[in-house]
Amino acid sequence: MLANKFPDRGDKRYPKGRADNSRHMEDGLTIAGRTFRSRLFVGTGKYRSKQLMARCHAAAGTEMVTLAVRRVNLTDRSKESELDFIDRSKIHILPNTAACYTAEDAVRTARLAQEAGLSNWIKLEVIGDQKTLFPDNEGLLEATRILVKEGFVVLPYTTDDLVNARKLIDAGAAAVMPLAAPIGSGLGIQNVTNLKILREAITEVPLIVDAGVGTASDAAVAMELGYDGVLLNTAIAEAQDSEGMARAMKLAIEAGHAAFLAGRMPKREYAVASSPLVGAISA
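Residues numbered from 1 in each chain as written. Predicted model: local features only at pLDDT ≥ 70, side-chain atom pairs only at ≥ 80, totals over all residues. Heavy atoms only, no water.

### Some details on the overall build of the protein chain
For step 1, the next point in the chain: A tally of regular secondary structure across the protein chain gives nine helices and 10 strands.
For step 2, the next point in the chain: Once local pairs closer than 6 in sequence are excluded, the contacts in the protein chain between residues at least 24 apart make up 66%.
For step 3, the next point in the chain: Surface summary for the protein chain: the accessible area is close to 13,900 Å², and the carbon and sulfur share equals 50%. (Helix = DSSP H or I, 4+ residues; strand = E, 2+ residues; numbered from the N terminus. Contact = heavy atoms within 4.5 Å. Areas by Shrake-Rupley, 256 points an atom, 1.4 Å probe, with all protein chains shown as cover.)

Put into structure tokens, the structure is as follows:
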């Protein structure tokens, strides 16, 4: 059973022995020495207003939001931007290198975010294809090596490729963020088998599902697979009721994580009576 594999491998992020779902509200997600109580990370784009964005962040209970450096005015602070609607005393900003198509551009963008005082954390994106927005794994690895050497906390957005994920970890990535489906597609998890393989093989850094989540059940499935968190944006921003979806995502993350810790029952091909006949009173 998947839920029982991690304790046997010495991963202190999971309970040893029997599962204890009472831990799901108390245990935190630690990345690069920083602990987050919420395992739901949210974006800042596509909202119908910046005020709505802020309300959704509150409804989601998120403690980290990602911000596209290239799409925010960092030089003229007299103009209103998403930064004016983020309570930085409660929410950690994770700048991202969205729309960067080379390692050089991504590194330059990360440096700009740091110089602007946003953070030395970076959600690293090096896009390889404009239509699918799939990552350029070679460029991603190159940029990760450079930024880690410069002291950045690097969280790379990548494919569900185990070999490349291990290379990113060897390069110093603080977490690995595989996609569930193309960015903004809302298709949900399309690659369950690969995500299971990644989770079983990688326990030394957190794994966070990034991209493709469309609704709360998608987030719950990711957490039931044993993932440490989910990062999403469009699913909330483009929902008919964005605040309602933000609350739903919060609950889905908590429920999925609790179910993973509890350990699901085995799947069987045939029915097993809920009330066994052994010891039953005969008519």
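### A word on the environment of Glu204
For step 1, the next point in the chain: Here Glu204 is to be found in the loop between helix H6 (192–201) and strand E9 (208–210).
For step 2, the next point in the chain: Taking the C-alpha atoms as reference points, Glu204 and Ala174, 30 residues apart in sequence, are found 9.4 Å from one another.

### Here's the deal with the packing of helix H4 (residues 137–149) against helix H5 (residues 162–170)
For step 1, the next point in the chain: Between H4 and H5, the least distance of the axes is 9 Å, while the angle of their chain directions is 15°. By the criterion of interaxial angle, the relationship of H4 to H5 is roughly parallel. Crossing of H4 over H5 shows right-handed handedness. On H5, the residues touching Asn137, Leu140, Leu141 and Thr144 of H4 are Asn164, Lys167 and Leu168. (Axes fitted to C-alpha atoms, helices over the stretch in contact; angles between N-to-C directions. Parallel < 35°, antiparallel > 145°, perpendicular 65-115°, else oblique. Left-handed = near helix turned anticlockwise from the far one by under 90°.)

### Regarding helix H9 (residues 242–262)
Along an α-helix, a turn takes 3.6 residues, which lines up residues three or four apart on a common side.
For step 1, the next point in the chain: Taking 1.5 Å per residue as the helical rise, H9 with its 21 residues ought to reach 30 Å, and the 30 Å between its terminal C-alpha atoms agrees with that figure.
For step 2, the next point in the chain: Turning to H9, its buried residues number three or more, namely Ser242, Met245, Ala246, Met249, Ala252, Ile253, Gly256, His257, Ala258, Phe260 and Leu261.
For step 3, the next point in the chain: One or two positions beyond H9, positive phi appears at Gly263, with a value near 85°. (Expected span 1.5 Å × (residues − 1). Buried < 20%, exposed > 50% of the residue type's maximum accessible area, 1.4 Å probe, protein only.)

### Comments concerning the nonpolar core
For step 1, the next point in the chain: Counting residues in hydrophobic clusters, the biggest one holds 51 residues, and the most contacted among them are Tyr47, Leu198, Ile202, Val209, Val230, Ile236 and Met249.
For step 2, the next point in the chain: The residues contacting Ile202, other than those within four sequence positions of it, are Leu162, Ala165, Ile169 and Leu207.
For step 3, the next point in the chain: Core analysis: the next-biggest nonpolar cluster, separate from the first, contains 17 residues, Cys100, Val126, Leu147 and Leu168 among them. (Core = buried A, V, L, I, M, F, W, Y, C linked by side-chain atoms within 4.5 Å.)

### Concerning the pattern of salt bridges
For step 1, the next point in the chain: For the structure shown, the criterion picks out 10 salt bridges.
For step 2, the next point in the chain: The partner of Arg70 in a salt bridge is Asp105, and the shortest N-O contact between them spans 3.8 Å. Of this pair, Arg70 sits in the loop between strand E4 (64–68) and strand E5 (92–96) while Asp105 is found in helix H3 (residues 103–115), placing the two residues 35 residues apart along the sequence.
For step 3, the next point in the chain: For Asp105, a relative accessible area of 21% corresponds to the partly exposed category.
For step 4, the next point in the chain: Two residues, Arg111 and Glu150, come together in a salt bridge whose shortest N-O distance is 2.4 Å. Placement of Arg111 in helix H3 and of Glu150 in the loop between H4 and strand E7 (153–158) is noted, with a sequence separation of 39 residues between them. (Salt bridge = Lys/Arg side-chain N within 4 Å of Asp/Glu carboxyl O.)

### Considering the side chain of Thr66
For step 1, the next point in the chain: Inspection of the secondary structure assignment puts Thr66 in strand E4.
For step 2, the next point in the chain: Judged by relative accessible area, Thr66 falls into the buried class, the value being 7%.
For step 3, the next point in the chain: There is a polar contact of 3.0 Å between the side chain of Thr66 and the backbone oxygen of Leu94.
For step 4, the next point in the chain: Side-chain polar atoms of Thr66 contact the side chain of Asn96, separated by 2.8 Å. (Polar contact = N/O pair within 3.5 Å; in protein donor to acceptor, adjacent residues only side chain to side chain.)

### Description of the side chain of His92
For step 1, the next point in the chain: Secondary-structure assignment places His92 in strand E5.
For step 2, the next point in the chain: With near-sequence residues (within four places) excluded, His92 lies in contact with Arg34, Phe36, Glu63, Met64, Val65, Ser119 and Trp121.

### A closer look at the pairing of strand E6 (residues 121–124)
For step 1, the next point in the chain: Burial along E6 is two-sided: Trp121 and Lys123 facing one way and Ile122 and Leu124 facing the other are all buried.
For step 2, the next point in the chain: Taken together, the four bridges between E6 and E7 define a ladder with parallel strand orientation. Looking across to E7, one finds that Trp121 is bridged to Val153.
For step 3, the next point in the chain: Of the crossover connections in this fold, the one passing from E6 over H4 to the parallel E7 is right-handed. (Pairing = 2+ DSSP bridges. Right-handed = clockwise from strand over helix to strand, strands pointing away.)

### A look at the confidence of the model for the protein chain
Detailed reading of the predicted model is not advised wherever pLDDT is low.
For step 1, the next point in the chain: Taken as a whole, the protein chain shows an average pLDDT of 89; of its residues, 87% reach a score of 70 or greater.
For step 2, the next point in the chain: In this model, residues 1–25 is a region of pLDDT below 50 whose contacts with residues beyond four sequence positions or in other chains number 47 contacts. (pLDDT = per-residue confidence, 0-100.)

### A look at unusual backbone geometry
For step 1, the next point in the chain: Although it is not a glycine, Lys46 adopts a positive phi angle of roughly 75°.
For step 2, the next point in the chain: Tracing the sequence through the fold places Lys46 in the loop between strand E3 (40–42) and helix H2 (50–60).
For step 3, the next point in the chain: With a phi angle near 75°, Ala99 is a residue other than glycine that sits in the positive phi range.
For step 4, the next point in the chain: Within the secondary structure, Ala99 sits in the loop between E5 and H3.
For step 5, the next point in the chain: When its relative accessible area of 31% is taken as the criterion, Ala99 is described as partly exposed.

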